[in-house]
Amino acid sequence: MTFNRKDLLKKAINSVLTQTYAPTYVIVVDNHSTDGTDELMTTFASRKEIVYVRTSENVGGSMGFYLGTDWVSLSDDDAIFETHYFEKLLVASKQKPEVKCFTGTVKSPNETIQDVHRRKLLNTATLREKLFHLE
């Protein structure tokens, strides 16, 4: 999902394309950017694994994510993946088949973990949750 952040999007796409276990497809949903994102995406046009979807208007973040929900990994244009990210997810999913969702770590520019984004689901029926602090 992206909107007017083509420089970050380029870094994010390249971080996915250099994975040790590459995804089959990379879906880029462009929420009608006006900063040249569509021109940037033409540079990736020869990559068969990249699917580019440009909305006809800015439909908001939620709708943009909805358009990509058939796929395993959803991220914003500022998500920069470490090289072994998808490989580690594959290993973890095999080790813990009962887990239905995996997520990465959100870090501040100074590399500290933003634990405000970490939550532990207490009840799957009601989606009751609590903050999960790393110690």
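In case you missed it, the structure is sitting above this.
Residues numbered from 1 in each chain as written. Predicted model: local features only at pLDDT ≥ 70, side-chain atom pairs only at ≥ 80, totals over all residues. Heavy atoms only, no water.

*Asks:* Got a minute to help me understand helix 1 (residues 6-17) in this structure?
*Replies:* Owing to its 3.6 residues per turn, the α-helix aligns residues three or four sequence positions apart on the same side. Here helix 1 contains twelve residues, and its C-alpha end-to-end distance of 16 Å stays within 8% of the 16 Å for a straight helix at 1.5 Å per residue. Buried residues of helix 1: Leu9, Ala12, Ile13, Ser15, Val16 and Leu17, and no others. Where helix 1 is buried, its residues contact strand 1 (26-30), helix 2 (37-42), strand 2 (50-54) and helix 4 (85-95). (Helix = DSSP H or I, 4+ residues; strand = E, 2+ residues; numbered from the N terminus. Expected span 1.5 Å × (residues − 1). Buried < 20%, exposed > 50% of the residue type's maximum accessible area, 1.4 Å probe, protein only. Contact = heavy atoms within 4.5 Å.)

*Asks:* Even after reading the chapter, I still don't get the nonpolar core, so can you show me in this structure?
*Replies:* Generally speaking, a soluble globular protein has its nonpolar side chains buried in company with each other. Counting twelve residues, the largest nonpolar core is built from Leu9, Ile13, Val16, Leu17, Val26, Val28, Leu40, Met41, Phe44, Ile50, Phe81 and Phe86. Elements with a minimum of two residues in this core: helix 1, strand 1 and helix 2. If one sorts the elements of this core by residue count, helix 1 sits on top with four residues. Sequence-distant contacts of leucine 40, defined by excluding residues within four places in its chain, comprise Lys6, Leu9 and Lys10. (Core = buried A, V, L, I, M, F, W, Y, C linked by side-chain atoms within 4.5 Å.)

*Asks:* Is there a simple way to explain the pairing of strand 1 in this structure?
*Replies:* Consecutive side chains along a regular strand alternate between the two faces of the sheet. By the criterion of burial, strand 1 is predominantly enclosed, with four of the five residues buried. As paired elements, strand 1 and strand 2 share five bridges and run parallel to each other. The partner of valine 28 across the bridge, within strand 2, is tyrosine 52. Handedness of the β-α-β unit built from strand 1, helix 2 and strand 2 comes out right-handed. (Pairing = 2+ DSSP bridges. Right-handed = clockwise from strand over helix to strand, strands pointing away.)

*Asks:* Just checking my understanding: could you explain the packing of aromatic side chains for this structure?
*Replies:* Centre distance and the angle of the planes are the two values used to describe a pair of aromatic rings. Here the structure, examined in full by the defined rule, presents three aromatic pairs. Each ring, one from phenylalanine 81 and one from tyrosine 85, has its centre 4.9 Å from the other, and the planes form 55°; the classification is tilted. Assessed through its relative accessible area of 13%, phenylalanine 81 is described here as buried. With a centroid separation of 5.2 Å and 80° between ring planes, the pair formed by tyrosine 85 and phenylalanine 86 is classed as edge-to-face. (Phe/Tyr/Trp six-rings, centres within 6.5 Å; stacked < 30°, edge-to-face > 60°.)

*Asks:* What is the right way to read a nonpolar patch on the surface from this model?
*Replies:* Together, Tyr25, Val51, Val53, Val59, Met63, Tyr66 and Leu67 give the surface a local cluster of nonpolar side chains, amounting to about 580 Å² of exposed area. Element by element, the count of residues in the nonpolar patch is highest for helix 3 (residues 61-67), at three residues. (Patch = residues over 30% accessible without salt bridge, like charges linked within 9 Å, V, L, I, M, F, W, Y side chains within 5 Å. Areas by Shrake-Rupley, 256 points an atom, 1.4 Å probe, with all protein chains shown as cover. Salt bridge = Lys/Arg side-chain N within 4 Å of Asp/Glu carboxyl O.)

*Asks:* Hey, could you run me through the pattern of salt bridges in this one?
*Replies:* In a structure, side chains of opposite charge can pair up when their charged atoms sit close to one another. Evaluated as defined, the whole model comprises two salt bridges. Measuring nitrogen to oxygen at the nearest pair gives 3.0 Å for the salt bridge that ties aspartate 30 to arginine 54. On the criterion of sequence distance, the pair formed by aspartate 30 in strand 1 and arginine 54 in strand 2 is long-range, its members being 24 residues apart. Its relative accessible area of 0% is what places aspartate 30 among the buried residues. Close ionic contact of arginine 47 with glutamate 49 constitutes a salt bridge, the shortest N to O distance being 2.7 Å.

*Asks:* What am I meant to see in the side chain of serine 15 here?
*Replies:* Mapped onto the fold, serine 15 is located in helix 1. At 2.9 Å, the side chain of serine 15 and the backbone nitrogen of phenylalanine 81 are in polar contact. Not counting the four nearest positions on each side in its chain, serine 15 is found in contact with Ala79, Ile80 and Phe81. (Polar contact = N/O pair within 3.5 Å; in protein donor to acceptor, adjacent residues only side chain to side chain.)

*Asks:* I tried to follow the side chain of serine 33 on my own but got confused; where do I start?
*Replies:* By the element assignment, serine 33 lies in the loop between strand 1 and helix 2. Separated by 2.8 Å, the side chain of serine 33 and the backbone nitrogen of asparagine 4 make a polar contact. Once residues lying within four places of it in the same chain are set aside, the contact partners of serine 33 are Thr2, Phe3, Asn4 and Arg54.

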